[in-house]
Structures are given as C-alpha cells and as structure tokens.
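Given next are the chains, with one letter for each unit.
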Amino acid sequence: MGYRLAVGFIATIGLATISVSYVVYRRRQKSRGKKLSNNPKWKQVGTVKEISMYPLQSGTPLIIPNAKCDSFGISIRGLRDRCLVLLNAQDEAAFSGTYPSMLAISTEIEDECSLVVRAPGKEPLSLNLSRIAEGKPIKEKQRNGFTMRLIECDEIHHEWFSIVILQRTRGLKLFIVLEPNIQPDIWGDDKSDFNPIMVMNNKSVSDLNQRLVLTPKVHHLQFRGNLLLECNDNVKPYDEDNWSWLKIGDTAKACVLQYRGPCLRCISPNVDIKTCKHSPHFEPLKTLKSYRLVHNSKEPTMGAYYNINREGFIKHNDPVYAIVASK
C-alpha cells in the first residue's frame with residue numbers, strides 16, 4: 001500500500017520518512033509571497049549550539065548532532081520531529097501541560113524508522129514505525145479545521161503509554177502522523193500546534209533567567225525548540241523576533257529558513273523537565289507575561305517559527321546568518 005508522505009511524492013511506507021508535520025494555522029501569513037532578494041545581505045549572528053527533536057509530541061527532547069531539513073521540518077534516519085502523537089477518546093492530543101509525566105518518556109533512535117521508548121519503572125518499548133504501519137489504513141481526524149492523516153499503532157502500544165501516563169491500561173492511543181495534503185506556502189504565522197522549526201537565541205534564555213530572581217532558573221529545553229543558537233556579541237536577547245531569513249551553513253546548498261511567526265507560549269514551559277512537575281510559582285510564564293506580551297495580549301513570545309525555504313542539512317556548530325527585517 002502506498003502513502004503520500006510529501007507533497008508530490010508517493011512512496012511505500014517501508015521506505016518513506018514518517019512525519020508529524022501536520023500543521024494547524026489560524027490565519028494566513030502576513031508576509032506570504034515575499035521572496036529572498038537576488039543579492040541578500042547576510043550577517044552572521046552565531047552558530048548552531050544544539051539541535052533537538054521530539055519523536056513523541058510532548059515527550060523528552062532528543063538531542064541530535066545533525067538533521068535533514070525539508071518543507072515539513074527536520075528529520076534524521078527516516079524519523080521526523082514529532083512523528084508520534086497520543087490522542088484521548090475525544091481525539092485531543094495529550095501534552096505535557098496536562099500530563100507532566102510525559103516529559104519522563106524518552107526516545108532513542110535504534111535504526112531507520114525505528115525507536116526505543118523508555119519510561120521510569122517500565123520495560124523499554126521498541127517501535128519500528130515502518131513495520132507498524134505496513135498494511136494499515138490511513139485514518140483521518142479533524143483537528144482545528146484541518147485533517148490529520150494518521151496510522152494507528154497496536155494495542156500493546158496504546159496500553160504501554162496509557163499505563164505510563166494515566167496509570168491505567170486504556171485511555172490513550174498512539175498514532176503515526178503522516179504529512180498533510182497541503183502546500184507549505186499556505187501556512188500562516190499564528191500560534192499553532194505544530195510548526196516546521198522553532199528557533200531560539202541563547203541570550204533570550206539568559207535574559208529570562210536573570211529576571212527569575214525568586215525561582216529556579218529555567219532550562220532552555222522547557223521551551224521545546226529545535227535550534228538553539230549560540231549568538232555573537234552584537235546580538236541582543238530576543239533579536240530572533242526580527243530575523244526575516246536565516247541561512248545555516250557556508251556552502252552553496254546551505255539551508256535557508258523564512259520567518260513565519262512568533263512562538264506564543266502556553267503553560268508547557270512551567271513544567272520542569274527534570275522533576276516533571278508544574279512550577280508552584282507559575283514560572284517562567286508569569287515573568288514572561290510581565291514583559292514579553294509583544295505579539296499577543298495574553299500569551300508571551302519566546303522563540304520564533306521558521307519554514308524551510310531551501311532544503312538542506314544542518315549540523316552542530318554550523319554558522320548561522322540572518323537578514324534583519326526592515327522596520
């Protein structure tokens with residue numbers, strides 16, 4: 001059985017890259033149609049300090065040394081960012097803001113399209129996504145006005161995750177999420193459940209931590225970004241708000257990213273990734289709301305979303321160049 005796993009590309013499930021690149025947007029991108037100039041004036045802003053992906057949406061981040069970037073986000077060894085999602089009986093996605101114990105679920109890449117999932121007190125669970133998906137039908141579920149294209153995993157997988165998160169044998173189902181049947185250039189810039197790449201400036205995290213006087217410092221991975229940049233001395237905190245384009249790498253085929261919108265924050269960063277517990281002081285969201293309500297009156301901005309304009313490969317320590325948006 002063949003599945004459409006990318007726009008204009010059909011492959012068998014055994015050879016395809018599994019994707020959770022389903023993207024929900026509430027309005028069209030204001031800057032839609034803008035093109036990169038023929039002679040862009042790139043300015044180096046830093047280097048790639050860390051690349052993170054989340055095979056399980058709301059699970060523990062997986063730090064990777066390099067990644068492929070295409071129209072639907074980052075991937076490595078046939079596995080895409082957020083390539084697994086858990087849904088409850090109401091088809092609502094489970095996330096760490098509601099179930100903090102999800103942050104204790106870690107993943108390790110075992111082979112092509114294959115993962116090992118671990119949780120405290122449980123036997124590891126092997127997931128060969130190609131094998132699980134083979135011969136199974138695609139299920140479509142509506143979410144925020146878009147159609148999610150899913151392949152349901154097996155009962156043993158549902159039970160494993162339900163026990164870990166809900167402490168009972170039923171209640172959650174695990175799905176592999178296929179790429180959507182939409183073109184990336186129609187995506188908007190409002191807050192979304194999934195976006196291709198989330199970029200953060202290390203100085204933004206440092207600035208926030210300096211403001212957290214009475215509470216523990218926050219780890220940057222609590223913001224669940226994909227790229228953490230080690231920025232140069234001339235870069236200021238939150239400058240990522242103003243980078244309309246990014247280029248990663250020095251080669252002629254360097255990956256190019258286009259700014260799509262701010263990352264508006266929900267309660268998830270208030271869950272400590274080490275203890276898997278909510279902050280009793282509602283931090284860091286409380287502090288962020290005191291000075292970072294710059295794009296929304298209720299949800300503060302921390303980080304920025306980017307679409308991939310030119311596909312390529314990125315790795316740790318790659319130089320990063322930016323074009324600053326005109327004011």
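The structure contained in this document is the topic of the report that follows. Predicted model, so just to flag it, every value in this text is computed and none were measured. (Residues numbered from 1 in each chain as written. Predicted model: local features only at pLDDT ≥ 70, side-chain atom pairs only at ≥ 80, totals over all residues. Heavy atoms only, no water.)

A look at the overall build of the protein
For clarity, the threshold we go by: Where helices and strands are cited, they refer to DSSP runs of H or I of at least four residues and of E of at least two residues respectively, numbered from the N terminus. Only protein chains enter the accessibility calculation, which uses a 1.4 Å probe. A residue is then buried if its area is under 20% of the maximum for its type, exposed if over 50%, and partly exposed in between. The contact criterion used is simple: two residues touch if any of their non-hydrogen atoms lie within 4.5 Å. Calculation of accessible area relied on Shrake-Rupley with a 1.4 Å probe; when residues are assessed, cover is drawn exclusively from the protein chains displayed.
Broken down by element type, the protein carries 4 helices and 21 strands. Within the protein, the proportion of its 327 residues that are buried is 57%. A separation of at least 24 residues holds for 75% of the contacts in the protein among residues at least 6 apart in sequence. Counting only carbon and sulfur atoms, one obtains 49% of the accessible surface of the protein, whose full area is about 15,000 Å².

Things to note about the sheet that holds strand 9 (residues 106-111)
By definition, the strands of a sheet pair up through backbone hydrogen bonds, in either a parallel or an antiparallel sense. To keep it simple, the criterion reads: Here, any two strands with at least 2 DSSP bridges between them count as paired. Angles run from 0 to 180 degrees between N-to-C directions of axes, and those axes are lines fitted to C-alpha atoms, restricted for helices to the stretch in contact.
Reading across the sheet, the 3 strands line up as 9-10-11 and stay open at both edges, with antiparallel pairing between neighbours. Single-partner strands in this sheet number two, and they are strand 9 and strand 11 (125-128). Here the strands of the sheet are splayed against their neighbours by 25 degrees on average, with no regard to which way each runs. Its contacts with the sheet put helix 2 (residues 155-166) on strand 10 (114-118) and strand 11, and the angle it makes with strand 11 is roughly 135 degrees.

With respect to the pattern of salt bridges
For clarity, the threshold we go by: Between Lys or Arg on one side and Asp or Glu on the other, a salt bridge is scored when a side-chain nitrogen of the former is within 4 Å of a carboxyl oxygen of the latter.
Counted by the stated rule, this structure contains 13 salt bridges. Here Lys136 and Asp154 are joined by a salt bridge, their closest N and O atoms 2.3 Å apart. With a gap of 18 residues between them, Lys136 in the loop between helix 1 (129-133) and strand 12 (139-143) and Asp154 in the loop between strand 13 (146-152) and helix 2 connect regions that are remote in the sequence. The exposure class of Lys136 is buried, given its relative accessible area of 19%. Take Asp154: its relative accessible area is 32%, and that puts it in the partly exposed class.

Digging into the nonpolar core
The condition that has to hold: Take the buried residues of types Ala, Val, Leu, Ile, Met, Phe, Trp, Tyr and Cys, join any two whose side-chain atoms come within 4.5 Å, and each joined set is a nonpolar core.
If you look at the biggest cluster of nonpolar residues, it comprises 56 residues, and the most contacted ones within it are Leu84, Leu86, Ile105, Phe161, Leu227, Trp243 and Leu257. Aside from chain neighbours lying at most four places away, what touches Leu257 is Ile197, Val199, Leu227, Ser244, Trp245, Leu246, Ile248, Tyr306, Asn307, Ile308 and Asn309. Ranked by size, the runner-up nonpolar core spans 13 residues in total, among them Met198, Leu228, Tyr238 and Met302.

A few points about unusual backbone geometry
Only a minority of non-glycine residues have a phi that is not negative, and only a minority of peptide bonds are not trans. With an omega of 10 degrees, the peptide bond running from Glu283 to Pro284 counts as cis. Here Pro284 shows up in the loop between strand 18 (255-264) and helix 4 (285-291). Its identity as a non-glycine residue notwithstanding, Ser58 has a phi of 75 degrees, on the positive side. Within the secondary structure layout, Ser58 lies in the loop between strand 3 (43-53) and strand 4 (62-64). One non-glycine residue, Tyr238, adopts positive backbone phi at about 70 degrees. A residue is classified by how much of its surface remains accessible, and Tyr238, at 9% relative accessible area, is buried.

Don't take any of this as a statement about function, it's just geometry.
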